Amino acid sequence: MIEMLGLPAASSFADDIDMVFSVIFWIVFFWFLLAEGVFFYLIFRFRKKEGVRAQYITGELKSEKRWITIPHNLILVFDVIIVIAAVKVWYTVKQDLPDAPDKQIVRIVAQQWAWTFVHPGPDGQLDTPDDIAKINELHVQVDRLHHFQLESKDVVHSFSVPVFRLKQDAIPGRVITGWFTPTKTGEYDIQCTEICGVGHALMPARIFIETADQHAAWVASNSSVSVASATVR
Amino acid sequence: MLLARSRRSVVLSTRSLVFSLVWLAASVGSASRASAADTDRGAELYELCTQCHGVAGEGNQAALAPGIAGLPEWYVLAQLQHFKKGERGMHPEDTGGLRMYPMSQTLKTPEDMQAVAAFVAAMPKVSSERTLEGGDATRGAQLYTICVACHGPDGAGNEALGSPPIAGQSDWYLLSSLQKLKSGHRGTYPNAVVMRGMAGTLTDEQAMKDVIAHIMTLHPTNAAAAAPNQ
C-alpha cells in the first residue's frame with residue numbers, strides 16, 4: 001500500500017513492514033467506518049420526534065453495556081493480531097542478525113550534520129587501508145546482505161532509509177549493529193529522523209544501490225589503494 | 001515552574017540585548033561599506049550562526065566553532081565559498097568542518113554570503129582565553145619565521161595572498177587548524193594545499209604548540225592596524 005503512495009520497497013523486509021502497516025490501517029479503517037456508521041445510524045434512528053421525550057440512559061443495564069463490551073473485546077482481539085504481526089516483523093528486522101559468507105559490513109558515523117559512510121575497499125574488509133570513506137553517500141550492492149555498524153560522534157541521531165523501511169537511532173558511545181538486504185537498484189534518500197540540532201534538516205544523504213558489476217567498478221575507482229595501483233600500472 | 005520561566009525569560013532577554021548591541025556595533029562598523037539593508041540582511045542571516053559561533057561571534061570550543069568576530073570580510077567570504085562548494089568541510093575527520101558545510105548551503109545567493117561576511121567583519125573583536133599549555137613561545141618565534149612571509153610578523157595576514165590574520169585567534173582553533181592542514185583534512189582549495197606543506201614543517205604537536213604560543217603574544221589591535229585591508 002505504501003508503494004502505491006509512491007515510496008518503493010527496496011529491502012528484503014520492507015514488504016513485511018508494509019504488511020504490518022496495512023494490517024493496522026485496514027483494522028483501524030474498518031472500526032472507523034463501523035463506529036461512524038453506528039454513530040450516524042443512532043443519530044438518525046433516535047432523532048427528534050413530536051411527542052417523544054428524550055431519555056437519560058445510565059448505561060448500567062446489560063443490554064446497554066454490551067454496546068461497549070462487545071466492541072471493546074473485539075478491539076482487544078484485533079490488538080492481539082496486530083501485536084503478533086508486529087512482534088514477528090520486529091524480531092526479523094531488529095532481533096535477528098542474519099549471516100552470509102559474502103555479507104558486506106559498512107560503518108555509518110552520524111554527526112552534526114553529516115553522515116560518514118565507510119565502505120570496505122577491494123579486500124572486502126573494514127579497517128584496512130583501502131577503506132572508502134564518503135560523506136553523505138552510501139554505496140551498496142543489490143541482493144547482498146549488509147551489516148551496518150552505526151555510531152554517533154556527538155548527539156542522538158537516527159539513521160533512516162525510507163525505501164528500506166529502516167530506522168535506527170545512533171547513540172553516542174555505542175556501536176549499534178543492524179542489517180539490510182537491498183532488493184532494488186536505484187538512488188534513494190537517507191534521512192536523519194531524530195532532531196539533532198539547528199542543522200538537523202540539512203543532513204540528507206543518498207544511498208546508491210548498484211548491481212554487482214556497478215558496485216565493483218565503484219569500489220575500484222574510489223579506493224585509494226586501487227587507484228594507486230592503477231597509477232603504478 | 002514560574003521561576004524557571006522567569007530565568008528563561010531573563011536569559012532570552014539578555015541574549016536579545018547582546019545581539020542588539022552586536023548588531024548596532026556592526027551597523028556602525030559597516031556603515032562605510034554596506035547599506036543598512038545589507039547589514040539588516042547580514043544580521044538576519046547571522047542569527048543561525050549564533051548557535052555555534054555565539055551572539056558576539058566569540059566562538060565556542062565545545063561546538064568546535066572558532067571566534068569569527070572582526071575577521072576580514074574577504075576571508076569570511078572566501079571560507080563560506082569553500083564550504084559551499086565542498087572544498088572545505090567534506091572530510092570525515094573534519095568534524096567541525098562537516099558542521100559548517102550544511103550551514104553554508106543555507107546561504108542561497110552571493111549577495112547573502114556577502115551580507116553575512118560583511119556583518120561578521122564589522123563585529124567588534126572578542127578576545128579569546130588561552131586553553132593550551134606547554135608551548136614555548138621563544139622556540140615558537142623561531143618556527144614562526146616561515147609563517148612571516150604570508151601572515152606577517154605580527155600575524156596580521158595578507159589579503160593579496162589569501163592569508164588570514166592569525167593574531168587574536170583562539171589557540172585551540174589554531175592547533176586544530178594546523179593539525180587538519182598538515183593531515184590534508186582541511187580541504188582541497190589552493191591555500192589549504194599550500195598550507196599543508198607549511199604545516200608539514202612543524203614536526204609534531206609540541207612544535208605546533210610552540211608556534212601558537214608565539215602567535216598568542218601577537219596583539220590583534222596591532223595586527224588589525226597593519227592589515228592591508230584595514
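Keep in mind it's a predicted model, so treat the numbers as computed, not measured.

Conventions adopted
- Residues numbered from 1 in each chain as written.
- Chains lettered and ligands numbered in written order.
- Predicted model: local features only at pLDDT ≥ 70, side-chain atom pairs only at ≥ 80, totals over all residues.
- Heavy atoms only, no water.
- Helix = DSSP H or I, 4+ residues; strand = E, 2+ residues; numbered from the N terminus.
- Buried < 20%, exposed > 50% of the residue type's maximum accessible area, 1.4 Å probe, protein only.
- Contact = heavy atoms within 4.5 Å.
- Areas by Shrake-Rupley, 256 points an atom, 1.4 Å probe, with all protein chains shown as cover.
- Domains from an automatic or database assignment.
- Buried area = accessible area lost by both parts, 1.4 Å probe.
- Salt bridge = Lys/Arg side-chain N within 4 Å of Asp/Glu carboxyl O.
- Polar contact = N/O pair within 3.5 Å; in protein donor to acceptor, adjacent residues only side chain to side chain.
- Axes fitted to C-alpha atoms, helices over the stretch in contact; angles between N-to-C directions.
- Parallel < 35°, antiparallel > 145°, perpendicular 65-115°, else oblique.
- Nonpolar A, V, L, I, M, F, W, Y, C, P; charged D, E, K, R; others polar.
- pLDDT = per-residue confidence, 0-100.
- Core = buried A, V, L, I, M, F, W, Y, C linked by side-chain atoms within 4.5 Å.
- Pairing = 2+ DSSP bridges.

We now examine the overall build of chain B. Looking only at helices and strands, chain B has 11 helices and 0 strands in total. Counting the 230 residues in chain B, one finds 45% classified as buried. Considering only contacts in chain B between residues 6 or more positions apart, those separated by 24 or more positions represent 68%. With an accessible surface of roughly 11,500 Å², chain B has 58% of that area assigned to carbon and sulfur atoms.

Once that is clear, we can look at the domain arrangement of chain B. Residues and elements named next belong to chain B. In terms of domain boundaries, chain B breaks down into domain 1 (1–126) and domain 2 (134–230). Of the roughly 1,700 Å² buried at the junction of domain 1 and domain 2 (both faces included), carbon and sulfur atoms supply 61%. The largest contributions to the domain 1 side of the interface with domain 2 come from W74, E87 and R88, which together make up 32% of the buried area. Applying the counting rule to domain 1 against domain 2 returns 1 salt bridge. K180 serves as the salt-bridge partner of D94, at 2.6 Å between the closest nitrogen and oxygen. At the boundary of domain 1 with domain 2, the tally comes to 5 residue pairs in polar contact (both at pLDDT 80 or more). Looking at the side of domain 1 that touches domain 2, the elements with two or more residues in it are helix 3 (73–85) and helix 4 (95–104).

We now examine the packing of helix 2 (residues 36–53) of chain B against helix 5 (residues 110–122) of chain B. All names here are of chain B. For the pair helix 2 and helix 5, interaxial distance at closest approach is 8 Å and the crossing angle is 85 degrees. With respect to their mutual orientation, helix 2 and helix 5 come out roughly perpendicular. Side by side, helix 2 and helix 5 meet where D38, T39, R41, G42, A43, L45, Y46 and C49 of the first sit next to D112, A115, V116, F119 and V120 of the second. Class assignment of the residues belonging to the contact of helix 2 with helix 5 gives a composition of 8 nonpolar, 2 polar and 3 charged.

The next thing to look at is the domain arrangement of chain A. Where the parts come together, the accessible area they lose is often given as the size of the interface. All names here are of chain A. As far as domains go, chain A holds domain 1 (3–95) and domain 2 (104–232). Across the boundary between the two partners, domain 1 contributes 14 residues, which contact 15 residues of domain 2. Carbon and sulfur atoms make up 53% of the surface buried where domain 1 meets domain 2, a total of about 1,300 Å² over both sides. Inspection of the domain 1/domain 2 interface yields 2 salt bridges. One salt bridge connects D18 with R165, and the closest N-O pair in it is separated by 2.7 Å. Across the domain 1-domain 2 interface, the total number found is 14 residue pairs in polar contact (both at pLDDT 80 or more). Within the residue set of the side of domain 1 that touches domain 2, elements represented by two or more residues are helix 1 (14–45) and helix 2 (62–95). Here the side of domain 1 that touches domain 2 is built from residues that sort into 8 nonpolar, 3 polar and 3 charged.

Quick look at the interface of chain B and chain A now. Chain B puts 12 residues into the contact, and the matching count from chain A is 12 residues. When chain B packs against chain A, the two sides together hide about 1,100 Å² of surface, and 71% of this comes from carbon and sulfur. For chain B, the biggest contributors to the area lost against chain A are P92, L98 and R99 of chain B; these three give 44% of the whole. Where chain B packs against chain A, one counts 1 salt bridge. Between D154 of chain A and R99 of chain B there is a salt bridge whose closest N-O contact spans 3.4 Å. Counting every contact that joins chain B to chain A gives 5 residue pairs in polar contact (both at pLDDT 80 or more). Secondary-structure elements contributing two or more residues to the side of chain B that touches chain A are helix 2 and helix 4 of chain B. The element best represented in the side of chain B that touches chain A is helix 4 of chain B, accounting for 5 residues. A class-by-class count of the residues in the side of chain B that touches chain A yields 7 nonpolar, 4 polar and 1 charged.

Tracing the backbone shows R99 of chain B in helix 4. On the basis of relative accessibility, which here comes to 10%, the residue R99 of chain B falls in the buried class. Of note is the side chain of R99 of chain B, whose polar atom sits 3.4 Å from the side chain of Q112 of chain A. The contact partners of R99 of chain B, leaving out residues within four places of it in the chain, are Q111, Q112, W113 and D154 of chain A together with A62, A63 and L64 of chain B.

As a further point, take the confidence of the model for chain A. Put simply, chain A has an average pLDDT of 93, and 96% of its residues get 70 or more. This stretch, residues 226–233 of chain A, has a pLDDT under 50; its non-local contacts, to residues over four places away or in other chains, come to 6 contacts.

What follows is about the nonpolar core. Membership of the largest hydrophobic core comes to 39 residues, with the highest contact counts inside it found for W115, F159, F164, I190 and I207 of chain A. Those residues in contact with F159 of chain A, other than ones at most four positions away along the chain, are I108, W115, F117, L138, L150, L166, K167, Q168, I190 and Q191 of chain A.

Turning next to the pairing of strand 7 (residues 166–170) of chain A. Residues and elements named next belong to chain A. Of the two faces of strand 7, the one holding L166, Q168 and A170 is buried and the one holding K167 and D169 is not buried anywhere. Looking at chain direction, strand 6 (residues 157–161) and strand 7 are connected through 5 bridges and run antiparallel. The residue of strand 7 that forms the bridge with F159 is Q168. Hairpin geometry of strand 6 and strand 7 is characterised by an intervening segment of 4 residues between the two adjacent antiparallel strands and by a positive phi of about 60 degrees at R165.

Moving on to the sheet that holds strand 5 (residues 146–152) of chain A. The strands making up a sheet associate through hydrogen bonds between their backbones, and the pairing can be parallel or antiparallel. A sheet is described by the order of its strands in space; here 5 strands give the open sequence 3-2-1-5-8 (chain A), paired in mixed fashion. Each edge of the sheet is formed by a strand with only one pairing partner; in this case those strands are strand 3 (132–135) and strand 8 (176–180) of chain A. For this sheet, the mean inter-axis angle between neighbouring strands, taken without regard to orientation, is 25 degrees. Of the pairings in the sheet, the one linking strand 1 (residues 104–111) of chain A to strand 5 of chain A comprises 7 bridges and is parallel in character. Looking across to strand 5 of chain A, one finds that I105 of chain A is bridged to H147 of chain A. Together, strand 1, strand 2 (114–119) and strand 3 of chain A form the strand contacts of helix 4 of chain B, whose direction differs from that of strand 1 of chain A by roughly 75 degrees.

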